[in-house]
Amino acid sequence: GYPSYELAVVVDDLLMGVTEVVRGEDLLMSTARQLLIQRALYGAEVVSPRYYHLPLLKDEEGRRLAKRTMATSLRRLREEGLTPEDIRQRFFDKQIQHLWI
């Protein structure tokens, strides 16, 4: 990421009192950079948010679901008649089953 973006995220999260961040596993390096910036700015005593990195959702061909690749949206799936349960079974249950406790 861009250094100015990483700095802005750290300051913004602290000012807003963010305690948890949920993001895709593709942002693990951003998290590492943000933790380093937090410590450099505020010292070791700062309480960092808890970070959760989830696997990226992929379609049947293994392509990442993302706006930038014009992937099918949840709205489109619903318009095609899929129920929330259908969508969970199609994308979530197979890919993040190991996360459920």
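All values derive from a computational prediction rather than experimental measurement.

**What about the layout of surface pockets?**
In this structure, the largest pocket encloses a volume near 420 Å³. Residue lining of the largest pocket: 19 residues in total, with Leu 56, Leu 57, Arg 64, Leu 65 and Ala 66 positioned closest to the centre. Taken together, the elements giving at least two residues each to the lining of the largest pocket come down to helix H3 (74-79) and helix H4 (84-95). Top contributing element to the lining of the largest pocket by residue count: H4, with three residues. Its residues assigned to classes, the lining of the largest pocket shows 12 nonpolar, three polar and four charged.

**A short note on the environment of Lys 58**
Relative to the assigned elements, Lys 58 resides in the loop between strand E2 (50-54) and H3. Separated by 13 residues in the primary sequence, Lys 58 and Ala 71 place their C-alpha atoms 9.3 Å from one another.

Cut-offs and rules
- Residues numbered from 1 in each chain as written.
- Predicted model: local features only at pLDDT ≥ 70, side-chain atom pairs only at ≥ 80, totals over all residues.
- Heavy atoms only, no water.
- 1 Å grid on protein atoms, 1.4 Å probe; cavity = no way out; pocket = protein on both sides within 12 Å on 5 of 7 lines; lining within 4 Å.
- Points joined across faces, edges and corners; volume = space filled by probe spheres on them.
- Helix = DSSP H or I, 4+ residues; strand = E, 2+ residues; numbered from the N terminus.
- Nonpolar A, V, L, I, M, F, W, Y, C, P; charged D, E, K, R; others polar.

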